[in-house]
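A structural walkthrough
Letter by letter, the chains look like this.
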Amino acid sequence: GYITEKLATTLSEGFLGAGESALVNPGYSQSTGKMNPFYANFYAADGSSVADGINYTQAGRDGIEFYQSYSDPRLPYFYATYDGTNYGGNYFGDLVSNLLPPNETSQLGQGMIGTFDRSAIILSDFESLFLQAEAAQKGFIPGTAKEFYDQAVTQSCIYFGIADTEISQLLVLENASVNFDLAPNKVKLIMTQKWAAMNGNSPMEIWTDYRRSGFPDFIHFAQDPNRKNNTPPVRLLYPQRELNLNGDQVSAVGNIDLFTSKIFWQSR
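Everything in this summary refers to the structure shown in the same document. The structure presented is a predicted model; accordingly, all values stated were derived computationally and were not measured. (Residues numbered from 1 in each chain as written. Predicted model: local features only at pLDDT ≥ 70, side-chain atom pairs only at ≥ 80, totals over all residues. Heavy atoms only, no water.)

**A short note on the nonpolar core**
Membership of the largest hydrophobic core comes to 45 residues, with the highest contact counts inside it found for Tyr67, Tyr79, Ile113, Phe130 and Tyr149. Secondary-structure elements contributing two or more residues to this core are α3 (61-68), α4 (75-78), α5 (110-113), α6 (125-137), α7 (145-158), α8 (164-171) and α9 (186-198). When neighbours within four sequence positions are excluded, Ile113 is seen to be in contact with Phe38, Tyr39, Phe42, Tyr43, Ile54, Leu108 and Arg118. (Core = buried A, V, L, I, M, F, W, Y, C linked by side-chain atoms within 4.5 Å. Buried < 20%, exposed > 50% of the residue type's maximum accessible area, 1.4 Å probe, protein only. Helix = DSSP H or I, 4+ residues; strand = E, 2+ residues; numbered from the N terminus. Contact = heavy atoms within 4.5 Å.)

Right, here's the structure in full:
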């Protein structure tokens, strides 16, 4: 009831739709300190690669295998082939004996890295549409969840410049990992494809979605046998500044465990 009441106050304002991404671009130019900051992690102003960025950031195996499982056209935009044809990735923290060597793993694709002057995302249209799809599926807002979902997947493909024919073929694949009508659990599909669309460009949102929904439910988290927990942290800890300036209120919360002290909205 509380959620429905609060959402009703925003319905008259409307939500971001297809083609209405909230972006920022102060006038990026191809010079040091003036490029898109994400792009600058990988390339210098003269076009040469930044070794610590382009070589350090490698593909995760879960992502590659998920896109490959139904021939998602976004795969080559998210990841680069390591030999012109094949893709490879590893599980985070896996034993050295299980890891693919660097020359058999994929770096980020150029579609993800973008260009020096690409606008930075504040809130993409596809993120907004996935949120609307989830809300409609749960009955919180009017509209058809399938329509919002199809628009969300479409806009995530358009972001990379994928052709309309490929997008339309993607949405009608006989595969429950992408086809709304075939998916037995619609919320799971929406959340999983939201992860697939935002993989690499909105990690905080993906982490938050996982904490509140448990999807996607196939991710291999740290494989290190000395890991502290089998799943990621459920929250951020208060910074030292908060402890110094607002210690009484922090203490009132009690002992906070990084892996078990869930925030009120983490219902799973």
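Don't stop here, the text continues.
**A look at the side chain of Asn179**
Counting through the fold element by element, Asn179 comes out in the loop between α8 and α9. A polar contact is formed between the side chain of Asn179 and the backbone oxygen of Leu173, at a distance of 3.0 Å. Of the polar contacts made by the side chain of Asn179, one reaches the backbone nitrogen of Asp181; its length is 3.0 Å. Setting aside chain neighbours within four positions, we find Asn179 in contact with Leu171, Val172, Leu173 and Leu189. (Polar contact = N/O pair within 3.5 Å; in protein donor to acceptor, adjacent residues only side chain to side chain.)

**Section: the environment of Gly89**
In this structure, Gly89 sits in the loop between α4 and α5. Each C-alpha atom of the pair Gly89 and Tyr28 lies 32 Å from the other, and the pair is 61 residues apart in sequence. Gly89 has contacts with Ala59, Gly60, Arg61, Ile64 and Leu100, leaving out every residue within four places of it along the chain.

**Some points on a nonpolar patch on the surface**
Taken together, the side chains of Tyr238, Leu243 and Val253 define a hydrophobic patch exposed on the protein surface, amounting to about 250 Å² of accessible area. Here Val253 shows up in helix α12 (residues 247-253). (Patch = residues over 30% accessible without salt bridge, like charges linked within 9 Å, V, L, I, M, F, W, Y side chains within 5 Å. Areas by Shrake-Rupley, 256 points an atom, 1.4 Å probe, with all protein chains shown as cover. Salt bridge = Lys/Arg side-chain N within 4 Å of Asp/Glu carboxyl O.)

**Section: the packing of aromatic side chains**
Counted according to the given criterion, the structure contains 18 aromatic pairs. With centroids separated by 5.3 Å and ring planes inclined at 75 degrees, the aromatic side chains of Phe66 and Trp195 adopt a geometry described as edge-to-face. Of this pair, Phe66 sits in helix α3 while Trp195 sits in helix α9, and the two are 129 residues apart along the sequence. In this structure, Phe66 and Trp195 share a single accessibility class: buried. Centre to centre, the rings of Tyr77 and Phe160 are 5.5 Å apart; their planes meet at 25 degrees, and the pair counts as stacked. Linking Tyr77 in helix α4 with Phe160 in the loop between α7 and α8, this pair joins segments that are 83 residues apart in sequence. Clustering of aromatic rings is evident, with ring pairs tying together Phe66, Tyr67, Tyr70, Tyr77, Phe78, Tyr79, Phe126, Tyr159, Phe160, Trp195 and Phe218. Over the ring of Trp207 we find Arg211; its NZ or CZ atom is 3.6 Å from the centre of that ring. (Phe/Tyr/Trp six-rings, centres within 6.5 Å; stacked < 30°, edge-to-face > 60°. Lys NZ or Arg CZ within 6 Å of the ring centre and 35° of its normal.)

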